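Observations on chain architecture
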Amino acid sequence: MKDKLIVANLKMNMIINDLTDYLPKINKFINNDNVVICPTSLYIPYFLKQKYKVGIQNIFYKSSGAYTGEISPKQAASMGIEYVLIGHSERRTYFNEIDSDINKKVYESSKYNLKIILCIGETLEQRNMLRTTKVLKKQINLALKNISNFDNIIIAYEPIWSIGTNIVPTNNDIEKTVSYIKQVVKELTNYSNIKVLYGGSVNETNIGNIININGVSGVLVGGASLDADRFLKMIEVAVQG
Ligand code: PGA
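This part is about the packing of helix H7 (residues 132-143) against helix H8 (residues 171-189). Contact pair H7 / H8: the axes reach a minimum separation of 10 Å and the direction vectors enclose 40°. One finds that H7 runs oblique with respect to H8. For H7 against H8, the interelement crossing comes out right-handed. The segment H7 lies against H8, with Thr133, Leu136, Lys137, Ile140 and Asn141 engaging Thr177, Tyr180, Ile181, Val184, Val185, Glu187 and Leu188. Residue classes in the contact of H7 with H8 are distributed as 7 nonpolar, 3 polar and 2 charged.

Turning next to the environment of Leu85. Take Leu85: it is sitting in strand S4 (residues 83-86). Leu85 sits in the buried class, given a relative accessible area of 2%. Placed 29 residues apart in sequence, Leu85 and Leu114 show a C-alpha to C-alpha distance of 9.9 Å. Residues contacting Leu85, with those up to four places away along its chain left out, are Val7, Asn9, Cys38, Ile56, Gln57, Asn58, Ile117 and Leu220.

Most of strand S1 (residues 5-9) is tucked away: 5 of the 5 residues are buried. Bridging between S1 and strand S8 (residues 216-221) involves 4 bridges; their strand directions are parallel. Bridge pairing links Ala8 to Val221 in S8. Here S1 pairs with strand S2 (residues 35-38) via 4 bridges, running parallel. What sits directly across from Val7, in S2, is Val36. Read as a crossover between parallel neighbours, the route from S1 over helix H1 (residues 16-29) to S2 is right-handed.

Residues Ile26, Ile37, Phe47 and Phe231 are the most contacted members of the largest nonpolar core, which totals 63 residues. Excluding residues within four positions of it along the chain, Phe47 makes contact with Leu10, Leu19, Tyr22, Leu23, Ile26, Ile37, Pro39, Tyr52 and Val54. Val7, Leu85, Ala156 and Leu197 belong to the second-largest nonpolar core, a separate cluster that totals 12 residues.

Turning next to the site of the ligand. Every residue lining the ligand is accounted for by Lys11, His88, Glu158, Ser162, Ile163, Gly164, Gly200, Ser201, Leu220, Val221, Gly222 and Gly223. With respect to the ligand, the side chain of Lys11 contributes an N or O atom lying 2.6 Å from an oxygen atom. In the environment of the ligand, an oxygen atom lies 2.8 Å from a nitrogen or oxygen atom belonging to the backbone of Ser201. Calculation on the ligand without its partners gives an accessible area of 280 Å², and the protein chains cover 95% of this total.

Moving on: the environment of Asn212. As for its position among the elements, Asn212 is in the loop between helix H9 (207-210) and S8. In this structure Asn212 comes out as partly exposed when scored by relative accessible area, which is 40%. Sequence separation of Asn212 and Gly121 is 91 residues, and the distance between their C-alpha atoms is 20 Å.

Take the environment of Gln183 next. Here Gln183 shows up in helix H8. Remark: the alpha-carbon pair of Gln183 and Asn209, spanning 26 residues in sequence, is separated by 23 Å.

Using the criterion set out here, one finds 0 disulfides in the structure. Free cysteine Cys38: the closest other cysteine sulfur is in Cys119, separated by 9.0 Å. Residue Cys119 is classed as buried on the basis of its relative accessible area, which comes to 2%.

The rules behind each value
Residues numbered from 1 in each chain as written. Predicted model: local features only at pLDDT ≥ 70, side-chain atom pairs only at ≥ 80, totals over all residues. Heavy atoms only, no water. Axes fitted to C-alpha atoms, helices over the stretch in contact; angles between N-to-C directions. Helix = DSSP H or I, 4+ residues; strand = E, 2+ residues; numbered from the N terminus. Parallel < 35°, antiparallel > 145°, perpendicular 65-115°, else oblique. Left-handed = near helix turned anticlockwise from the far one by under 90°. Contact = heavy atoms within 4.5 Å. Nonpolar A, V, L, I, M, F, W, Y, C, P; charged D, E, K, R; others polar. Buried < 20%, exposed > 50% of the residue type's maximum accessible area, 1.4 Å probe, protein only. Pairing = 2+ DSSP bridges. Right-handed = clockwise from strand over helix to strand, strands pointing away. Core = buried A, V, L, I, M, F, W, Y, C linked by side-chain atoms within 4.5 Å. Near = heavy atom within 4 Å. Polar contact = N/O pair within 3.5 Å; in protein donor to acceptor, adjacent residues only side chain to side chain. Areas by Shrake-Rupley, 256 points an atom, 1.4 Å probe, with all protein chains shown as cover. Disulfide = S-S within 2.5 Å.

Here it is in structure tokens:
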């Protein structure tokens, strides 16, 4: 798959009965460790030990202790989970996750060698006010504060107005923004190998186009990954495209 990463964020979807249809298909046909699936945490054990990788949708920033309802990077790593989504816009929006929390999560996850998918993106209002670059720069600066190893960090550029809306920026916009993100990381950290994914309304029809945009290292997919057939089709297109 030319080393492109396809990450599925299943969010808070599916009940256990849905997995009886979903899992056999993806377990049989996904034979590629550049595919990462992030199920609801409760179901993670059902997804482990397959030919794809598993990620957790959220994480806490302490290693253990009296934090009811939370899961630590140490616990996740001990289960064989290799990836973690940090700072998804739904966490920022509905759970008031702020940049300093995100920074602590990145720091703690780094300690356990989890591969971090750091999500950043602007709202429609910010975009319309031409503040996109400013917003992204601030998110990157704050999330990576005091972080010294970037080998396990991947940035997912997810414009909030594109998530779940079927509206996707133009190729040119994605290319320009991804290039800007890399430039900001380089300026801040001197690290020039950062991978950047695109996320927001990626589906089986547009993945072939998006994944080939200059500088894009892969995609983060929400809604279209909930149907096993659609998701498999996306992987097929990305592999062949
Ligand atoms: P979507 O979600 O593919 O349904 O737009 C993407 C995401 O939230 O990561």
